[in-house]
Amino acid sequence: MEDFYFQTKQLCVGYDGEALIRDISIGIRRGEIVTLIGPNGSGKSTILKSITRQLKAIAGTVLIGERELRGLSHRELATRMAVVLTERMKPELMTCWDVVSSGRYPYTGRLGILTPKDEAQVRSAMEAVHALDLSDRDFNAISDGQRQRVLLARAICQEPEIIVLDEPTSYLDIRHKLELLSILREMTRKKGITVIMSLHEIDLAQKISDRILCVKGDTLSHYGAPEEIFQEKLIRELYGIDRGSFDPVFGSVELPRPLGAPEVFVLSACGSGIPVFRRLQKEDVPFAAGILYTNDVDWRLARLLAAEVVEEQPFHEIDEASLERAKEWVRSCRYTVNAGVSIGPCNARMQELISYAEKLNKIRCLDELF
């Protein structure tokens, strides 16, 4: 039997007694990061509110350890689970230190007076998220990124075993997104805290998560490791992508390729073609690319953006058929752009292709085309 610390069994969630998502059965180990992904309105927040008891579950069971969630007192729950939701707090006349200190209330007496030990916990939590310098600032007068760090410090201050976050990277710039997620990863590794959260940025979800929960429709569509979930077809179906594409290797989302017959043939290798591909896409110029080995980073992007790709198997010498197809594209396209090709023993015939394009006076610099 799996050693799960947090489990849901046949959980059904929704509103006013009507189940929106049924039969949610998952298991999470201590110290794992589990991320919910899926389109807007799919029910990610509904699930998070239900497993934090802010929304009454329609049916099913939620277990923390061997205890049922509904059997825990409010104080017990607050010492085991901390919650950071998307709703913006607007406390009156509270400094950031005051907000973080509120995370200690499950451990204080009725008067909420902090002991020296409690104050040390507050300081430690603020240091962990690099927010100690905000201690005396009015919570309502700081930036969104700073607020997220302060709210995370409050959650850490509770000394929870589980932290639940609903879209914690919303409103954050890229620096603060990375910083916040790095803090979460460090907490799971050093303190064994379990993190359950929702994210819109699937590229970040792919990189930080131990497990991914896909939410769409009235049941969970998939639950598994990132390498199982982040497949091009699965992500396309999950989000209903019909224009554009998702590359699971780089975790990148790409806009649609230009339509029409190729007008430009791009010669490249080892990443030299990427800025050319993107420029042609932005200018809505259909293009072909080659001769690219299928383990080349240029091939990864060309297969998504180019109208045609002439390809070769890795570490093979370029064969006659591939060379002839490439020459056909040189002849049929108006121009050929040499983005930069390092010639070696395997791709020696690329020099023949370049010379062929030069002979036909087809070689142009990218800037000459616009």
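Scroll up to find the structure.
This section reports on the structure supplied with the text. Just so it is clear, the structure is predicted and the values come from calculations on it, not from any experiment.

What counts as what
Residues numbered from 1 in each chain as written. Predicted model: local features only at pLDDT ≥ 70, side-chain atom pairs only at ≥ 80, totals over all residues. Heavy atoms only, no water. Phe/Tyr/Trp six-rings, centres within 6.5 Å; stacked < 30°, edge-to-face > 60°. Helix = DSSP H or I, 4+ residues; strand = E, 2+ residues; numbered from the N terminus. Buried < 20%, exposed > 50% of the residue type's maximum accessible area, 1.4 Å probe, protein only. Lys NZ or Arg CZ within 6 Å of the ring centre and 35° of its normal. Core = buried A, V, L, I, M, F, W, Y, C linked by side-chain atoms within 4.5 Å. Disulfide = S-S within 2.5 Å. Contact = heavy atoms within 4.5 Å. Salt bridge = Lys/Arg side-chain N within 4 Å of Asp/Glu carboxyl O. Pairing = 2+ DSSP bridges. Right-handed = clockwise from strand over helix to strand, strands pointing away. Axes fitted to C-alpha atoms, helices over the stretch in contact; angles between N-to-C directions. Parallel < 35°, antiparallel > 145°, perpendicular 65-115°, else oblique. Left-handed = near helix turned anticlockwise from the far one by under 90°. Nonpolar A, V, L, I, M, F, W, Y, C, P; charged D, E, K, R; others polar.

Considering all chains together, one arrives at 2 aromatic pairs under this definition. The interplanar angle of 45° and the centroid separation of 6.0 Å between the aromatic rings of Phe 230 and Phe 246 together place this pair among those described as tilted. You can see Phe 230 sitting in the loop between helix 8 (226–229) and helix 9 (232–239) and its partner Phe 246 sitting in strand 11 (residues 245–247), a full 16 residues away along the chain. Here the two residues Phe 230 and Phe 246 agree in accessibility, since each one is buried. A ring pair is formed by Phe 277 and Phe 287, whose centres lie 5.3 Å apart and whose planes are at 15°; its orientation type is stacked. Remark: Phe 287 occurs in strand 14 (residues 287–293) and Phe 277 occurs in helix 10 (residues 274–282); sequence separation between them is 10 residues. One exposure class covers both Phe 277 and Phe 287, and it is buried. Between the NZ or CZ atom of Arg 147 and the centre of the ring of Phe 139, over which it lies, the distance is 5.9 Å.

Now for the nonpolar core. Counting 47 residues, the largest nonpolar core has Ile 37, Val 150, Leu 152, Leu 184, Met 197 and Phe 230 as its most contacted members. Ile 21, Ile 28, Val 62 and Ile 64 belong to the second largest nonpolar core, which has 25 residues in total.

Scanning all chains against the criterion turns up 0 disulfides. In this structure Cys 214 is not part of a disulfide, and its nearest cysteine sulfur, from Cys 12, lies 19 Å away. You can call Cys 214 buried: its relative accessible area is 0%. Cys 365 takes part in no disulfide bond, and the closest cysteine sulfur to it belongs to Cys 333, at a distance of 17 Å.

Our next topic: the side chain of Thr 8. Inspection of the secondary structure assignment puts Thr 8 in strand 1 (residues 6–15). Judged by relative accessible area, which is 3%, Thr 8 ranks as buried. Among residues more than four places away in sequence, those in contact with Thr 8 are Ile 24, Ser 25, Ile 26, Ile 51, Thr 61 and Val 62.

Between side chains of opposite charge, pairing is possible as soon as their charged atoms come close. In the structure shown here, the tally under the stated rule is 23 salt bridges. In this structure, Glu 68 and Arg 70 form a salt bridge, with 2.7 Å as the shortest nitrogen-oxygen distance. Here Arg 70 falls in the exposed class, since its relative accessible area comes to 61%. The residue Glu 352 makes a salt bridge to Arg 349 at a minimum N-O spacing of 3.9 Å. Within this pair, Glu 352 and its partner Arg 349 are both found in helix 13 (residues 349–359), separated by 3 residues, close to a single helical turn. What makes Glu 352 partly exposed here is its relative accessible area of 35%. Of the residues examined, Arg 349 reaches a relative accessible area of 25% and is grouped as partly exposed. When salt bridges that share partners are traced, they join Glu 232, Arg 236, Asp 247, Arg 300 and Arg 303 into one network.

Below, the discussion takes up the pairing of strand 14. Most of strand 14 is tucked away, with 7 of its 7 residues classed as buried. Note: strand 13 (residues 264–268) against strand 14, 4 bridges, orientation parallel. Directly across from Val 266, in strand 14, lies its bridge partner Ala 289. The sheet contact formed by strand 14 and strand 15 (residues 308–312) spans 4 bridges and is parallel. For Ala 289, the partnering residue across the bridge sits in strand 15 and is Val 309. Taking the sense of rotation as the criterion, the β-α-β connection linking strand 14, helix 11 (residues 297–305) and strand 15 turns out right-handed.

Moving on: the packing of helix 5 (residues 144–157) against helix 6 (residues 174–191). Two elements in contact, helix 5 and helix 6, have axes whose closest approach is 11 Å; the angle formed by their N-to-C orientations is 10°. Judged by the angle between their axes, helix 5 and helix 6 are roughly parallel. In this structure, helix 5 crosses over helix 6, and the sense of that crossing is right-handed. Contacts from Gln 148, Arg 149, Leu 152 and Ile 156 in helix 5 reach His 176, Glu 179, Leu 180, Ile 183, Leu 184, Met 187 and Lys 191 in helix 6. A breakdown of the residues in the contact of helix 5 with helix 6 according to their chemical character gives 6 nonpolar, 2 polar and 3 charged.

The buried fraction of strand 3 (residues 33–37) is high, at 5 of 5 residues. With 4 bridges joining them, strand 3 and strand 8 (residues 194–198) adopt parallel strand pairing. For Leu 36, the partnering residue across the bridge sits in strand 8 and is Ser 198. Direction of pairing for strand 3 relative to strand 9 (residues 211–216): parallel, over a ladder of 4 bridges. Along strand 9, the bridge assignment pairs Ile 37 with Cys 214.

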